[in-house]
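Structure assessment
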Amino acid sequence: MPLVCLTDFQAYAQEHLSKSTWDFIEGGADECFTRDDNMAAFKKIRLRPRYLRDVQEVDTRTTVQGEEITAPIGIAPTGFHCLVWPDGEMSTARAAQAAGVCYVTSTYASCPLEDIAATAPRGLKWFQLYMQPDRQLNKQLVQRAESLGFRALVITVDAPKIGNRRRDFRNQLNLKMNLLLKDLRSPKERNSMPYFQMSPIDSSFCWNDLSWLQSISRLPIILKGILTKEDAELAVKHNVHGIIVSNHGGRQLDDVPASIDALTEVVAAVKGKMEVYLDGGIRTGNDVLKALALGAKCVFLGRPVLWGLAYKGEHGVEEVLNLIKNEFHTSMTLTGCRSVAEINQDLVQFSRL
Ligand SMILES: Cc1cc2nc3c(=O)[nH]c(=O)nc-3n(C[C@H](O)[C@H](O)[C@H](O)COP(=O)(O)O)c2cc1C
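Here goes a summary of the coordinates provided. (Residues numbered from 1 in each chain as written. Predicted model: local features only at pLDDT ≥ 70, side-chain atom pairs only at ≥ 80, totals over all residues. Heavy atoms only, no water.)

A few words on the site of the ligand. Around the ligand, a shell composed of 24 residues is seen, among which Pro77, Ser106, Thr156, Asp279 and Arg283 lie nearest. Separating an oxygen atom of the ligand from a backbone N or O atom of glycine 281 is a distance of 2.9 Å. Measuring from an oxygen atom of the ligand, one finds a side-chain N or O atom of arginine 283 at 2.8 Å. Bound to the protein, the ligand loses 98% of the 610 Å² it would expose on its own. Elements with a contribution of two residues or more to the shell around the ligand: helix H2 (19-26) and helix H14 (303-335). With three residues, the top contributor of residues to the shell around the ligand is H14. Of the residues in the shell around the ligand, the class split is eight nonpolar, 11 polar and five charged. (Near = heavy atom within 4 Å. Polar contact = N/O pair within 3.5 Å; in protein donor to acceptor, adjacent residues only side chain to side chain. Areas by Shrake-Rupley, 256 points an atom, 1.4 Å probe, with all protein chains shown as cover. Helix = DSSP H or I, 4+ residues; strand = E, 2+ residues; numbered from the N terminus. Nonpolar A, V, L, I, M, F, W, Y, C, P; charged D, E, K, R; others polar.)

A complete count under the given rule lists nine aromatic pairs for this structure. Ring geometry for phenylalanine 9 against tyrosine 311: centres 5.3 Å apart, planes inclined by 90°, an arrangement best described as edge-to-face. Remark: tyrosine 311 occurs in helix H14 and phenylalanine 9 occurs in helix H1 (residues 6-16); sequence separation between them is 302 residues. Given a relative accessible area of 19%, tyrosine 311 falls into the buried group. Aromatic side chains phenylalanine 80 and tyrosine 108 sit 5.7 Å apart centroid to centroid with 40° between the ring planes, which places their arrangement in the tilted category. Taken together, the residues span a long stretch of sequence, with phenylalanine 80 in the loop between strand S4 (73-75) and helix H4 (88-99) and tyrosine 108 in the loop between strand S5 (103-105) and helix H5 (113-119) at a distance of 28 residues. One aromatic cluster in this structure is built from Phe24, Phe80, Tyr108 and Tyr130. Arginine 251 extends its terminal NZ or CZ atom over the ring of phenylalanine 24, reaching a point 5.1 Å from the ring centre. (Phe/Tyr/Trp six-rings, centres within 6.5 Å; stacked < 30°, edge-to-face > 60°. Buried < 20%, exposed > 50% of the residue type's maximum accessible area, 1.4 Å probe, protein only. Lys NZ or Arg CZ within 6 Å of the ring centre and 35° of its normal.)

Under the 1.5 Å per step criterion, the end-to-end length of H4 is 17 Å for 12 residues, consistent within 8% with the ideal 16 Å. Taken across its 12 residues, H4 has 10 buried, putting it largely inside the fold. Among the residues making up H4, those that are buried are Gly88, Glu89, Met90, Ser91, Thr92, Ala93, Ala95, Ala96, Gln97 and Ala99. Contacts from the buried residues of H4 go to S4, S5, H5 and H14. Positive backbone phi, approximately 70°, marks glycine 100, located one or two places after H4. (Expected span 1.5 Å × (residues − 1). Contact = heavy atoms within 4.5 Å.)

What follows covers the environment of aspartate 287. Structurally, aspartate 287 is set in helix H13 (residues 285-293). Take aspartate 287: its relative accessible area is 3%, and that puts it in the buried class. In the structure, aspartate 287 is positioned 190 residues away from glutamine 97 in sequence and 23 Å away in space, judged by C-alpha atoms. Those residues within four positions of aspartate 287 in sequence are excluded, and the remaining contacts are Phe42, Lys43, Gly281 and Ile282.

This part covers the nonpolar core. Counting residues in each nonpolar core, the largest one holds 101 residues, and the members touching the most others are Leu213 and Ile260. Residue contributions to this core peak at 13 residues, all from H14. Once residues within four sequence positions are removed from consideration, leucine 213 is found in contact with Leu129, Met131, Val142, Ile155, Phe205 and Ile221. Of all hydrophobic cores here, the second largest spans 14 residues; its members include Cys102, Leu124, Tyr277 and Cys298. (Core = buried A, V, L, I, M, F, W, Y, C linked by side-chain atoms within 4.5 Å.)

Structural data, given as C-alpha cells:
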C-alpha cells in the first residue's frame, strides 16, 4: 500500500525500528502533554477559504534569511540519524538538497559536518549549536560550520539541561548514542575512541554571551526555542536575525504551550524586525498554511523526517518532503492563495471547541 500522508510514514517507522530507537524519536518529556498538544492545537484552528480567484498558477516558493527555498518547509535539527539509517545525516542532506529546502544540522549529528557538506554541496544548510561548556570547542564548531558553507547558526535555548524523557531512562539509551557522536571530538579521536562521554550543554550561557558568538562569526544567529514575548523582545534587543518558536517537540519542559499557540505572541513582540519560524506538530499542508497565516515565515519538521529516513533513507526523506509540499500546494490552491505573500491571518479562525 502506498504511504499517502505523514502518519503513514510514522506507522512504518514504528513497525521497523528497534523499540529503543522508536522510543527515542517519539518520546516527549514527562507526561508528553506538550508533545501531543503541538498537534491538537492545530486542530482548534479552522481555515477560511476564499474562492473564485484564478489559482491555475500557485507558487509555493519563498525565502529564509534572503535565500530562496521551494516551499516554506524545512528540516528541524534532530540528532543521531545513524540510529535510523546507515549513512544518517548524509541521506537527509541529499534529500533536502533535492527538495530545495533548508536542512538544519544538529550538533548531535552522527556524521561529521565535512561529510554532510560534501554530499550536498548545493543544499541550503544551517548549523544548530548546543553551547558546549568549552568555549574553544564552540568556536571551532562555529568556524568549521561557517567554512563548510553552513549559512546560519541556530542556537537552541531551551535545553540548559536535557528534559525528563522517561522512555529513554527506561531503555538506558545513553551509551549507544554517545558512540555515534563525531563532531564533538577532535579529529584524532573521531575514529579511535571506544567510548565517549557526551559533554553536557553549557547551562551558564545567557543573553550577554550572544555578543561573543557575534564576535566570532558573521553568520546570522537564530534562536530556537523562544516561547514568550519577553524573550522575543530580548532577542530583538540583542540583534539576532531570527527566532524559531519551538518547544523542542515537547521533549524539554512539559506543560508549556503548543508551538502554534505561542507563535502569535512572539510574532507581535518582534514587530517585523526579524523572521519568525515555527516547529512542532506540523503534520499536514494545512498545518503549514495555518502557521504561515499566523506569522511564521517557514516551518520545520522534526520527527516526520526521521520516519522518512527509516522508510527508505534519502528517498524516504524526499518522499516525506514532497508529500507535505504537495499538500501545502493543495492547501494554498483550495484557500485561494496564489503566492506565499498572499497568506495572511484572515485565512484562519479559532474554533470554539
Ligand atoms: C529524535 C529527536 C532529536 C532531536 N534533536 C535535536 C537536536 O539535536 N537539537 C535541537 O535543537 N532540537 C532537537 N530536536 C527537536 C527538533 O528540532 C524539533 O524542535 C521538534 O522535533 C519539532 O517537533 P516535531 O517532531 O513535532 O516536528 C530533536 C527532536 C527529536 C524528535
